[in-house]
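Structure assessment
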Amino acid sequence: MRFDVLTLFPDLFPGYLGQSLLKKAIDRQLVQVHVHDVRRWSKDKHQKVDDRPYGGGPGMVLRVEPVVECVEEVQREGRGPGRVIMLTPQGRRLNQQVVEELAQEDRLLLLCGRYEGFDQRIVDLLQPDEISIGDYILNGGEVAAMVIVDAVVRLVPDVLGEPLSTVEDSFSTGNRHLEWAQYTRPREFRGLAVPDVLLSGDHGAIARWRQEQGYLKTQQRRADLLETRPDGETTDDGQAGRSTDADN
Ligand code: ADE
């Protein structure tokens, strides 16, 4: 899978891309991430890519020419134009279902904004899929682009050691519960002991305990997950995600 990140701040990315799971996925050539500096497409001698909004008002707006020309040139590189994603607080909200949808693509172009926003003609011409990572305003789309890369990469075949771990993840399709509590050594720390059931070796009992714990935590913290399916529809019984075949 190939990602192209189009940004005014390319130096934000090497640290993130050079660590952990993502670095391994890149080294193993399972994913490619190309970061492009939109300023390279500026015709201004100071490499300016923004300007004041027509009609007045605060802030600066990203100009149409450098952004559109950058996207078009990057699209000509590599196989196929890919799907253009614009990171913006006005977009549809990212969730695991959207992540799963994006992971089906061979190539994603992630367009990061800064300043007050994009010239509307960028949207009109490129018709991007506009995505927001939440109802808050970031200084730009770069962190949001990293969030998308991070979440999508986990679903690229062979990136994770154990494929089952994504199926079991909270929020993955058909799984609408929070994670149960996990423990590792030592068995006791400052008087807090690991629950006996986890030391019992009884796999059926452990699975039931985990299922119950996950369900209770979801009920306490995110009851909305139990009431809606991943597509946003309300379930009949309000118990989506509560599996009764915990031993399987
Ligand atoms: N750019 C600024 N805020 C954003 C957000 N919440 N999601 C995506 N891109 C953004």
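Note that the structure is a prediction, hence the values are computed from the model and not measured.

Of all residues in the chain, 88% attain a pLDDT of 70 or more, and the chain-wide mean is 90. Here residues 236–248 is modelled with pLDDT under 50, and outside its nearest four sequence neighbours on either side it reaches 20 contacts, counting other chains as well.

Taking 1.5 Å per residue as the helical rise, helix H6 (residues 142–153) with its 12 residues ought to reach 16 Å, and the 16 Å between its terminal C-alpha atoms agrees with that figure. Within H6, nine of the 12 residues are buried, leaving the element largely enclosed by the surrounding structure. Taken together, the buried positions of H6 are Glu-142, Ala-144, Ala-145, Met-146, Ile-148, Val-149, Ala-151, Val-152 and Val-153.

Here we take up the side chain of Glu-142. Relative to the elements of secondary structure, Glu-142 occurs in helix H6. What Glu-142 contacts, discounting residues up to four positions off in sequence, is Thr-7, Leu-8, Phe-9, Leu-12, Phe-13, Cys-112, Gly-113 and Arg-114.

This next bit is on the sheet that holds strand E8 (residues 129–132). Here five strands make up an open sheet; going across it, the order is E2-E1-E6-E5-E8 and the pairing parallel. Across the chains shown, the open sheet's two edge strands, defined by having one partner strand only, are strand E2 (32–37) and E8. Averaged over neighbouring strand pairs, the angle between their axes works out to 30° when direction is ignored. Relative to strand E6 (residues 107–112), strand E1 (residues 2–7) runs parallel, the two being bridged by five bridges. In the sheet register, Phe-3 faces E6, and the bridge partner there is Leu-108.

Cut-offs applied
- Residues numbered from 1 in each chain as written.
- Predicted model: local features only at pLDDT ≥ 70, side-chain atom pairs only at ≥ 80, totals over all residues.
- Heavy atoms only, no water.
- pLDDT = per-residue confidence, 0-100.
- Contact = heavy atoms within 4.5 Å.
- Helix = DSSP H or I, 4+ residues; strand = E, 2+ residues; numbered from the N terminus.
- Expected span 1.5 Å × (residues − 1).
- Buried < 20%, exposed > 50% of the residue type's maximum accessible area, 1.4 Å probe, protein only.
- Pairing = 2+ DSSP bridges.
- Axes fitted to C-alpha atoms, helices over the stretch in contact; angles between N-to-C directions.

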